[in-house]
Amino acid sequence: MKIVLKRIVFLGVGLIFTLGLMAVPSSAEEKVIKIGTLFPLTGSCALAGQRCQASVDTAVDVINNVYADIDVPLAAQKGLLDGYRIEVVHADHQGKPDVGKSEAERLFNQEKVYAIIGSYNSAVTKPASFVAERKKKIFMCGCSSSAALTKRGYQYFFRMAPTDETESLEFVEVMKWLNEKHEKGLVTVGLIYENSEFGKHAADEGKKAVKDNGFKVVVDIPFNPGATNLNSEVQTLKAKNPDVVFGACLGGDYTLWVKTMKQMNWLPKVALNYCTGYQDPVITKQLGDDANYFMGGTGYSPEFAGLMPAVAAVEKIYMQKTDPSVPFDSDSIQEAVAMLILAQAIEKAGTLDYEKVKETLYANTWESPLSLGGKVAFSPGGQNIMAKSLITQLQNGSYKRIYPLDLADTKPVVPMTSWNRP
Amino acid sequence: MTIFLQVILDGLMNGMLYALVAVGLSLIWGVMDVINFGHGEFLMIAMYVSYWLGFIFHIDPLFSWLASGAFVFFLAALTYQLIIKHTVGKPPLSSLLATFGLAMVLKNICLNRFSPNFRLLSDTVLGGKVLHMGDVIVSMPQLITALFSLAVMAMVYVIIHRTRLGWTIQATAMDKEAAELMGINTEKIYLLVFGMGGACVGIAGGLMPSYLAVHPEVGTLFGLIAFVIVAMGGFGSIPGALLAALLIGLVEALSGFYIAPVFKYVAVFGLYLVVVMIRPKGFFGW
């Protein structure tokens, strides 16, 4: 019996030793850069989070493989740094800041990721990027729009999208243009926004821009995301009857807001939305005619194909990674940009050294055919100073470009037509 | 004055909806002493049933509530047979934890099968329809839901208080052993009550896709509000549930409009705290 046991132990040790030897050369040969993604894959913003995740996957596909027909930096070569490929580790923050922070820690500590891309919700991006900054590791933020994120003086944080501050200024510019050129008489503004980091910052920037430009805020309505109804909110808007509403409502809250306005038979003259449900093509489709004539800042939509010709080929890959298959939207495309810019910086720096990659990110202006601005460059704090968005209006279910005028393709319908549309 | 009437009407109609969601929970809690943490998820499942019937077969929620009510009746009966039966008579925590687990399972099945996407039924019979009473606007989907709520609550009340079956349910709720000595099959009563509770929330969920988006998280807040209503109204009391639901709907609407919209759930849960501190058994609890 003892002899049998000895043989088993001997064989076991031998097997482990052999497997260990086999494993060493393979891991040494494999040159992998692990990148973590941190998006809301469950919870109220999950749909948007899953699209952001698919967008990063698309960019990684373009970087890791050779796509001669795609006119995007790194597409024509295989991998990075002469043989490295990128491997993505996905994490779900559920839209919760505490979960986002702990998942960022897990990604860095256990998964040993090189950098994190995320996190869609500004409220989550804030603590998650704090983890990265403390570890002196890079955090690439695609679409979180809170202006405060790039005002913290962080060194390792980079954001691609325009901020709520930029969008608020665009909104008031549009209002001024509508007043000056079209005599629409827009004076008063109402704000409705989810009571979160994103919503509150958007509202703060909105209020500041409105006051600085001589307009008047007459109603300010934060609401709890995921509410069972928005009757009080819309009733309050209706009672104050502002000319213009700035909205920051995500996902299902946006549909509920629109449906409740219809139910209460009220519309402002103009409804301008931050990066919200307005930009979501699926929600727009589901709302049907009710979605029409709302306006908002948009960084990308398929209607922009003429302005951004390189997107189409990348979008084909992206559409295969989404279920249901959808084109890029304004938020998701920024995450692909984040991945591509980080990869370009690593390639240009010629090393994975964090300090050198960080300095390279700041020191250069990057080609970015997937960005409306065409290029990406960062100011101290990490904001992309080349970030651009257009003001669009939904007309017959399409995002029509209305402002700035040099990029416009359609005249705006102002005031919004009543709900009893033919 | 018009605005005040509008706010009151909105509050009452929301309250009716909450009542319809809560009545099933109240029934189960009152008769079986079981806290069904899966109640909000039953609502969500019913909404999905109604949504898919509308999406695939173009059956309007105005009719598909029958199917969703029946579906959740069987789902609840199955839940009783597979899970709840084994927790009856055990410490209350066991049924609470079991139904909490059930809620997680149901939510994650829906997440897995249907994704977290928000789904809206467009072109429903009631969708976007309103009734004008002077300057006051009545939303038809909410009005119909409110009428269903009253009808379902009246039906449940009549069953419990005016029928032989109801008396056996009451007897089982009051003293299970004595009921068994009188020849009542309490197992079957429990099964039926759990099914009835499911059917009530199933009917509510079946009607809701007329005006609300469907997604795996949709039942969570409704479930929480249902608990508050049942605790405020008194365990097992149908009139209590109706009163508490109307009160909550009104408090939500009035505080949301006259104080601040962001304050409305603070007011609702604040009211709940006050009621249970003054009267721990709720308005009509025994």
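Treat the numbers as computed from the prediction; the structure is a model and nothing was measured.

Engineer: How should I be thinking about the sheet that holds strand E10 (residues 295-298) of chain A in this particular structure?
Structural biologist: Strands belonging to one sheet form pairs held by backbone hydrogen bonds; the direction of such a pair is parallel or antiparallel. Residues and elements named next belong to chain A. Pairing in this open sheet of seven strands is mixed, and the strands run E7-E6-E8-E9-E10-E13-E14 from one edge to the other. Every other strand in the sheet has two partners, leaving strand E7 (216-223) and strand E14 (398-403) as the edge strands with one partner each. This sheet shows a mean twist of 30° between the axes of neighbouring strands, independent of strand direction. Pairing geometry for strand E6 (residues 188-194) and strand E8 (residues 244-248), over five bridges, is parallel. Of the residues in E8, the one forming a bridge with Ile192 is Gly247. Packed onto the sheet, helix H7 (residues 231-240) meets E6, E7 and E8 and runs at close to 175° relative to E7.

Engineer: Would you take a moment to explain the nonpolar core for this structure?
Structural biologist: Inside soluble globular proteins, nonpolar side chains tend to come together where they are buried. In terms of nonpolar packing, the biggest core is built from 108 residues, with Tyr254(A), Trp257(A), Phe294(A), Met32(B), Phe42(B), Phe194(B) and Ile229(B) touching the most fellow members. In terms of residues, this core owes the most to one element, helix H1 (residues 2-32) of chain B, which gives 13 residues. Residues contacting Met32(B), with those up to four places away along its chain left out, are Tyr80(B), Ile84(B), Tyr190(B), Val193(B) and Phe194(B). Residues Met308(A), Tyr318(A), Leu370(A) and Leu390(A) belong to the second largest nonpolar core, which totals 88 residues.

Engineer: Sorry, what's going on with the interface of chain A and chain B here?
Structural biologist: When the parts of a complex come together, some accessible area is lost, and that lost area is often used as the size of the interface. Opposite the 36 residues of chain A that make contact, chain B presents 35 residues. For the pair chain A and chain B, the two sides together bury roughly 2900 Å², of which 59% comes from carbon and sulfur. Of all residues in chain A, Thr228(A), Gln263(A) and Gln286(A) give up the largest surface area on contact with chain B, accounting jointly for 23% of the area buried on that side. Where chain A touches chain B, the interface holds one salt bridge. Residues Glu233(A) and Lys264(B) are paired through a salt bridge, measuring 3.0 Å at the closest nitrogen-oxygen approach. At the surface where chain A touches chain B, the tally comes to seven residue pairs in polar contact (both at pLDDT 80 or more). Those elements that place two or more of their residues in the side of chain A that touches chain B are helix H2 (46-64), E7, H7, helix H8 (251-263) and helix H9 (281-287) of chain A. A per-class count over the side of chain A that touches chain B returns 12 nonpolar, 19 polar and five charged.

Engineer: Honestly, the confidence of the model for chain A in this entry has me stumped. Any pointers?
Structural biologist: Low pLDDT marks regions whose predicted coordinates should not be analysed in detail. All names here are of chain A. Per-chain confidence: chain A averages 88 in pLDDT, with 92% of residues scoring 70 or above. Of all secondary-structure elements in chain A, the lowest mean pLDDT belongs to helix H1 (residues 2-29), at 54, while strand E4 (residues 138-141) reaches the highest, 96. Scored below 50 in pLDDT, residues 21-28 shows zero contacts in the model against residues more than four places distant or in partner chains.

Engineer: Looking at this structure, how should I read H1(B)?
Structural biologist: Residue and element names in this part refer to chain B. Taking 1.5 Å of rise per residue, 31 residues should cover 45 Å, and H1 covers 44 Å from first to last C-alpha, within 8% of that figure. The largest bend in H1 comes to about 35°, at Ala22. With 24 of 31 residues buried, H1 is to be regarded as a mostly interior element. Directly after H1, the chain includes Asp33, whose backbone phi takes a positive value near 60°.

Engineer: Please clarify how the UniProt feature "transmembrane region" (unreviewed entry) in chain B should be interpreted in this entry.
Structural biologist: Residue and element names in this part refer to chain B. When the UniProt feature table is mapped to this numbering, "transmembrane region" (unreviewed entry) covers residues 15-35, 42-59, 65-84, 136-160, 189-212, 224-250 and 257-278. Taken end to end, residues 42-59 is 89% helix and 0% strand, and its first and last C-alpha atoms sit 20 Å apart. In this annotation, residues 189-212 is assigned 79% helix and 0% strand; the end-to-end C-alpha distance for the span is 34 Å.

Engineer: Help me understand the environment of Gly83(A) in this model?
Structural biologist: Residues and elements named next belong to chain A. For Gly83, the location among the structural elements is in the loop between H2 and strand E2 (85-92). For Gly83, a relative accessible area of 45% gives the class partly exposed. Counting along the chain gives 127 residues from Gly83 to Val210, while the straight-line C-alpha distance between them is 52 Å.

Engineer: Explain the confidence of the model for chain B here, please?
Structural biologist: Looking at chain B, the pLDDT average stands at 89 and 99% of residues meet or exceed 70. Our summary of model confidence lists the complex with pTM equal to 0.80 and ipTM equal to 0.82.

Engineer: How should I be thinking about the packing of H7(A) against H8(A) in this particular structure?
Structural biologist: Think of two packed helices as two axes; the pair is described by the angle between the axes and how far apart they sit. All names here are of chain A. Contact pair H7 / H8: the axes reach a minimum separation of 9 Å and the direction vectors enclose 55°. Comparing their axes, H8 and H7 come out oblique. For the crossing formed where H7 meets H8, the hand is right-handed. Residues Asn231, Val234 and Leu237 of H7 form the contact with H8, whose participating residues are Trp257, Thr260, Met261 and Gln263. Classifying every residue of the contact of H7 with H8 gives four nonpolar, three polar and no charged.

Engineer: Sorry, what's going on with unusual backbone geometry here?
Structural biologist: For residues that are not glycine, phi is negative in most cases, and the peptide bond is trans in most cases. All names here are of chain A. Across the junction of Tyr403 and Pro404, the peptide omega takes the value 5°, indicating a cis bond. Along the chain, Pro404 falls in the segment after E14. The residue after Val414, namely Pro415, is reached through a cis peptide bond having omega 0°. Backbone geometry places Lys112, a non-glycine residue, at a positive phi of 55°. Relative to the elements of secondary structure, Lys112 occurs in the loop between helix H3 (97-109) and strand E3 (115-118). Given a relative accessible area of 59%, Lys112 falls into the exposed group.

Engineer: Whenever I open this one, the domain arrangement of chain A confuses me. Can you help?
Structural biologist: All names here are of chain A. Domains assigned within chain A are domain 1 (28-162 + 305-376) and domain 2 (165-298 + 390-407). Computed over C-alpha atoms, the centres of domain 1 and domain 2 are 28 Å apart. Interface area, domain 1 with domain 2, both sides summed: about 1600 Å², of which 63% is carbon and sulfur. Taken as a group, Ser145, Leu307 and Ser330 account for 23% of the area that domain 1 buries against domain 2, more than any other trio of residues on that side. Residue Arg51 pairs with Asp280 through a salt bridge whose shortest N-O separation is 3.0 Å. Seen at the junction of domain 1 and domain 2, the total is three residue pairs in polar contact (both at pLDDT 80 or more). Of the residues forming the side of domain 1 that touches domain 2, the biggest block, three residues, is contributed by helix H4 (residues 122-134).

Procedures and definitions
Residues numbered from 1 in each chain as written. Chains lettered and ligands numbered in written order. Predicted model: local features only at pLDDT ≥ 70, side-chain atom pairs only at ≥ 80, totals over all residues. Heavy atoms only, no water. Pairing = 2+ DSSP bridges. Helix = DSSP H or I, 4+ residues; strand = E, 2+ residues; numbered from the N terminus. Axes fitted to C-alpha atoms, helices over the stretch in contact; angles between N-to-C directions. Contact = heavy atoms within 4.5 Å. Core = buried A, V, L, I, M, F, W, Y, C linked by side-chain atoms within 4.5 Å. Buried < 20%, exposed > 50% of the residue type's maximum accessible area, 1.4 Å probe, protein only. Buried area = accessible area lost by both parts, 1.4 Å probe. Salt bridge = Lys/Arg side-chain N within 4 Å of Asp/Glu carboxyl O. Polar contact = N/O pair within 3.5 Å; in protein donor to acceptor, adjacent residues only side chain to side chain. Nonpolar A, V, L, I, M, F, W, Y, C, P; charged D, E, K, R; others polar. pLDDT = per-residue confidence, 0-100. Expected span 1.5 Å × (residues − 1). Bend = angle between axes of the 7 residues up to and from the residue. UniProt positions renumbered as here; feature names shortened; annotations may be inferred. Parallel < 35°, antiparallel > 145°, perpendicular 65-115°, else oblique. Left-handed = near helix turned anticlockwise from the far one by under 90°. Domains from an automatic or database assignment.

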